[in-house]
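Residues per chain, in single letters:
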Amino acid sequence: MFWAGVLILLAVTALALYATFRPEERTLGRPRLLLIGGGLIFPMTVLTALLFYGVRTGHALLPLPGRPDVFHVEVVAHQWWWEVIYPDVGGRPLYAANEIHIPAGRPVDVTVRSADVIHSFWAPRLGGKIDAIPGHSNRIRLQADLPGIYWGQCAEFCGAQHARMGLVIEAHEEPALQERLARLAAAGPAPAEARGAAAFQTFCAGCHSIDARVRGTGFGPNLAGLATRRMLGAGVLANGRESLETWLVAHQVLKPGNRMPTLPILEPAERAALLRYLEPSR
Ligand code: CUA
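Residues numbered from 1 in each chain as written. Predicted model: local features only at pLDDT ≥ 70, side-chain atom pairs only at ≥ 80, totals over all residues. Heavy atoms only, no water.

Visitor: What is the right way to read the overall build of the chain from this model?
Guide: Within the chain one finds six helices and twelve strands. Taken over the C-alpha trace, the chain has a radius of gyration of 27 Å; the compact-globule value for 282 residues is 19 Å, which it surpasses by more than 25%. Across the 282 residues in the chain, those meeting the buried criterion constitute 39%. Expressed as a percentage of contacts within the chain between residues at least 6 apart in sequence, the contacts between residues at least 24 apart total 60%. When the accessible area of the chain is evaluated, it comes to approximately 15900 Å², of which 64% is carbon and sulfur surface. (Helix = DSSP H or I, 4+ residues; strand = E, 2+ residues; numbered from the N terminus. Rg over C-alpha atoms; globule rule 2.2 N^0.38 Å. Buried < 20%, exposed > 50% of the residue type's maximum accessible area, 1.4 Å probe, protein only. Contact = heavy atoms within 4.5 Å. Areas by Shrake-Rupley, 256 points an atom, 1.4 Å probe, with all protein chains shown as cover.)

Visitor: I'm lost on empty space enclosed by the protein in this one. Help?
Guide: Sizing a probe to match a water molecule and rolling it over the atoms shows the empty space that remains. Tallied over the entire structure, the rule returns three cavities of 30 Å³ or more. Put simply, the largest cavity is a space of about 60 Å³. What lines the largest cavity is Asn-98, Glu-99, Gly-166, Leu-167, Val-168, Arg-229, Arg-230, Met-231, Ala-234 and Gly-235. Sort the elements by how many residues they give to the lining of the largest cavity and strand E10 (residues 166–172) lands first, with three residues. A per-class count over the lining of the largest cavity returns four nonpolar, three polar and three charged. (1 Å grid on protein atoms, 1.4 Å probe; cavity = no way out; pocket = protein on both sides within 12 Å on 5 of 7 lines; lining within 4 Å. Points joined across faces, edges and corners; volume = space filled by probe spheres on them. Nonpolar A, V, L, I, M, F, W, Y, C, P; charged D, E, K, R; others polar.)

Visitor: Teacher, can you tell me more about the sheet that holds E10 here?
Guide: The strands that make up a sheet pair up through hydrogen bonds in the backbone, lying either parallel or antiparallel. Reading across the sheet, the five strands line up as E4-E10-E9-E6-E7 and stay open at both edges, with mixed pairing between neighbours. Whereas interior strands pair on both sides, the edge strands pair on one side only; in this sheet they are strand E4 (99–103) and strand E7 (129–132). Between one strand axis and the next, the sheet turns through 25° on average, direction left out of account. Strand direction decides the pairing type here: strand E6 (residues 119–122) and strand E9 (residues 148–154), joined by two bridges, are antiparallel. Its bridge partner being in E9, Phe-121 is matched across the sheet by Cys-154. Along the sheet, helix H3 (residues 174–186) contacts E4 and E10; its crossing angle with E4, the most-contacted strand, is approximately 145°. (Pairing = 2+ DSSP bridges. Axes fitted to C-alpha atoms, helices over the stretch in contact; angles between N-to-C directions.)

Visitor: Looking at this model, I keep getting lost on the side chain of Asp-109. Mind explaining?
Guide: With respect to the helices, strands and loops of the structure, Asp-109 is situated in strand E5 (residues 108–114). With residues up to four places along the chain from it excluded, the contact list for Asp-109 reads Pro-63, Val-70, Phe-71, His-72, Val-73, Arg-139, Ile-140 and Arg-141.

Visitor: Where do I start with unusual backbone geometry in this structure?
Guide: Leaving glycine out, the prevailing phi sign among residues is negative, and the prevailing peptide bond configuration is trans. Cis geometry marks the peptide bond from Gln-79 to Trp-80, where omega comes out at 0°. On the secondary structure map, Trp-80 appears in the loop between strand E1 (71–78) and strand E2 (81–89). Of note, Ala-234 is a non-glycine position whose phi angle comes to about 55°, a positive value. Looking at the element boundaries, Ala-234 is found in the loop between strand E11 (231–232) and strand E12 (237–238).

Visitor: I tried to follow helix H6 (residues 268–278) on my own but got confused; where do I start?
Guide: Those residues of H6 lying buried are Glu-270, Ala-273, Leu-274, Leu-275, Tyr-277 and Leu-278. Buried residues along H6 sit against helix H4 (194–203) and helix H5 (241–254).

Now the structure itself:
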């Protein structure tokens, strides 16, 4: 298509130059043939051929059912974070947030929904974007040819913190992906951290689940395996023990208007217990 396009461009440019600089008395031998042949028949033939080619190629790119090697993941956009659901990991769904793990080298169908307003799911290096519309389910097929990190971003203005609605997509070789999902399924809080557990129950559990197998209310991001995530607050801070503490204290400064209420001022020992409870594996 590119080389055919170049040829046509050169021919048209040559004719335009000829028309501009030709001596006045000279005309092309058969202007009528040029008009009808070059102006009507040629473009109609080319465009018709391209139409059939384009329809076929476009159809092959659609996320149609029936391909056995497709990896499925669901994404629910919230103001302002991404809920991630792996619908079938060993026969049950797993819930996660703001980070998607996919296989490299095979197609991934992402089913996109919204919990509130219109958002748009966009992973620039993996393909097009698709809107997340309340009450509607959209699907896009992506593929990461190589393992690695691919950043995503909400691409439809969805409120004050639209710009801070980032997403991490990590593509793995098949065994590494299975290992990652198994680790997510098994992730849990520190079992012996009673004081942290009590604080979590009081302040966090109303919105957050900390078990990837349990969705909970879904008001806030699932926190299972939090320590292994790259970012906090949907792309606001690089993850780490210190930044988690910063987030707990100052998230309304870092991301004003986000749905998480400001925590009451915990005394340092209680906050430390909550942090240990949230991140046993760091
Ligand atoms: Cu969500 Cu913009």
